[in-house]
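Secondary and tertiary structure notes
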Amino acid sequence: MSDGPYFVLTVLGVLGTGLTAGVFCAFSTFVMRGLAALPPAQGVAAMNAINTAAVKPPFMLVFLGTAVLAAVIAVTTFVLWPEDAAVELLLGSALYLFGSFGVTAAANVPRNAALLRLEPGTAQAAVQWPGYVRGWTAWNHVRTGASAAAAVAYVLALV
């Protein structure tokens, strides 16, 4: 595992999953707390602006690129089944694809879409904002843990 395409793919996997875990960790530990401390109209407006900015190339290249990379690592591992680290490679890929990418698609993105439909200064936004923050953050904790665990699994594949 110390050289060749598996090494390069795995190092890139560590970087991608680690970067994604860092972004998600920042949201779980202080961004969402800061937004929750704002009046609902300001919190909703700020989160909508963040969600719009998140789907631009800088973050999407890391997030989606890592999903593609995890899929490539998984398929390559199934096809070639290396003597060392097959379990770690598959585990890292599964954690990222299901725990990070899958949770994003199934839990966080639908919440973001619903929030975007709210008018920030309305009573409905004020009522829904605290629940959004709680639910979104809970699922974000899952994404953070899964991305970090995927990075660890890929690191273990390298040793």
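Per chain, the residues get numbers from 1 upward, laid out in the order the sequence is written. It should be noted that, the model being predicted, local features are given only for residues of pLDDT at least 70 and side-chain atom pairs only at 80 or more, the latter also being counted only at that level, while totals for whole chains, interfaces and linings use all residues. Values reported for side chains reflect all heavy atoms of the structure, with hydrogen atoms and water molecules removed beforehand.

Some details on the packing of helix α1 (residues 4-36) against helix α3 (residues 57-80)
Our working definition: Each axis is a line fitted through C-alpha atoms, and for a helix only the stretch in contact is used; angles between axes span 0 to 180 degrees, taken between their N-to-C directions. The helix and strand labels rest on DSSP assignments: H or I over at least four residues marks a helix, E over at least two residues marks a strand, and numbering proceeds from the N terminus. Small angles under 35 degrees read as roughly parallel and large ones over 145 as roughly antiparallel, with 65 to 115 read as roughly perpendicular and the rest as oblique. Put simply, a crossing is left-handed when the front helix is turned counterclockwise from the back one by less than a right angle, and right-handed when it is turned clockwise. Two residues form a contact once any of their heavy atoms are found within 4.5 Å. Each residue is assigned to one class: nonpolar for Ala, Val, Leu, Ile, Met, Phe, Trp, Tyr, Cys and Pro, charged for Asp, Glu, Lys and Arg, and polar for all the others, Gly among them.
At a minimum axis distance of 9 Å, the contact between α1 and α3 shows a crossing angle of 140°. In terms of their interaxial angle, α1 and α3 are classed as oblique. Handedness of the α1/α3 crossing: left-handed. Where α1 approaches α3, its residues Tyr6, Leu9, Thr10, Leu12, Gly13, Gly16, Thr17, Leu19, Thr20, Val23 and Phe24 are matched on the opposing element by Phe59, Val62, Phe63, Thr66, Leu69, Val72, Ile73, Thr76, Thr77 and Leu80. Its residues assigned to classes, the contact of α1 with α3 comprises 13 nonpolar, eight polar and no charged.

Brief notes about the environment of leucine 158
Defined as follows: Type-normalised accessible area, obtained with a 1.4 Å probe on protein chains alone, sets the label of each residue: buried when under 20%, exposed when over 50%, and partly exposed for intermediate values.
Here leucine 158 lies in helix α5 (residues 123-158). For leucine 158, a relative accessible area of 26% gives the class partly exposed. Spatially, the C-alpha atom of leucine 158 lies 36 Å from that of proline 110, the residues being 48 residues apart in sequence.

What to know about the packing of aromatic side chains
What counts is decided by this rule: Pairs were defined over the aromatic rings of Phe, Tyr and Trp, the Trp ring being its six-membered one, requiring ring centres within 6.5 Å. Orientation was assigned from the angle between planes: stacked under 30 degrees, edge-to-face over 60, tilted for the rest.
Per the stated rule, a full pass over the model turns up eight aromatic pairs. For the pair phenylalanine 24 and phenylalanine 59, a centre-to-centre distance of 6.3 Å together with 65° between the ring planes defines the contact as edge-to-face. Here phenylalanine 24 is found in helix α1, whereas its partner phenylalanine 59 is found in helix α3, with 35 residues between them in sequence. Each member of the aromatic cluster is reached from another via a ring pair, and the members are Phe24, Phe59, Phe63, Tyr96 and Phe101.

Some details on the side chain of threonine 104
Residue position: threonine 104 is located in helix α4 (residues 86-116). Apart from residues lying up to four places away in sequence, threonine 104 is in contact with Phe24, Phe63, Val109, Pro110 and Arg143.

Notes on the nonpolar core
Soluble globular proteins tend to pack their nonpolar side chains together in the buried interior. We apply this condition: The definition of a nonpolar core used throughout is a set of buried Ala, Val, Leu, Ile, Met, Phe, Trp, Tyr and Cys residues joined through side-chain atoms within 4.5 Å.
Residues Ile73, Leu89, Tyr96 and Tyr154 are the most contacted members of the largest nonpolar core, which totals 14 residues. Of all elements in the fold, only α1, α3, α4 and α5 reach the threshold of two or more residues within this core. At five residues, the largest contribution of residues to this core is made by α3. By size, the runner-up hydrophobic cluster in this structure holds 13 residues, among which are Met32, Leu35, Val44 and Leu115.

Observations concerning a nonpolar patch on the surface
Test applied: Two distance rules govern patches: like charges are joined within 9 Å, and nonpolar side chains (Val, Leu, Ile, Met, Phe, Trp, Tyr) within 5 Å, applied only to residues with over 30% relative accessible area and no salt bridge. Exposure was quantified through the Shrake-Rupley algorithm and a 1.4 Å probe, taking into account, for residues, occlusion by the shown protein chains and nothing else. Here, a salt bridge means any Lys or Arg side-chain nitrogen found within 4 Å of an Asp or Glu carboxyl oxygen.
Together, Val75, Phe78, Val79, Leu80 and Trp81 make up an exposed nonpolar region whose accessible area comes to about 580 Å². Secondary-structure assignment places phenylalanine 78 in helix α3. Its relative accessible area of 57% is what places phenylalanine 78 among the exposed residues.

Description of unusual backbone geometry
For tryptophan 81, which is not glycine, the phi torsion reads 35° and is therefore positive. Along the chain, tryptophan 81 falls in the loop between α3 and α4. Phi at alanine 85 takes a positive value of approximately 75°, unusual for a residue other than glycine. Among the structural elements, alanine 85 can be located in the loop between α3 and α4.

A short note on the side chain of threonine 144
Along the chain, threonine 144 falls in helix α5. Setting aside anything within four residues of it in sequence, one finds threonine 144 in contact with Ala21, Phe24, Cys25 and Ser28.

Let's talk about α3
For the α-helix, the turn length of 3.6 residues means that residues three or four positions removed from each other point alike. Going by this rule: The length a helix should cover is 1.5 Å for every residue beyond the first.
Here α3 spans 32 Å end to end across 24 residues, near enough to the 34 Å set by a 1.5 Å rise per residue. Taken together, the buried positions of α3 are Phe63, Thr66, Ala67, Leu69, Ala70, Ile73, Ala74 and Thr77. Elements that come into contact with the buried residues of α3 comprise α1, α4 and α5. Looking one or two residues past α3, tryptophan 81 carries a phi angle of roughly 35°, positive in sign.

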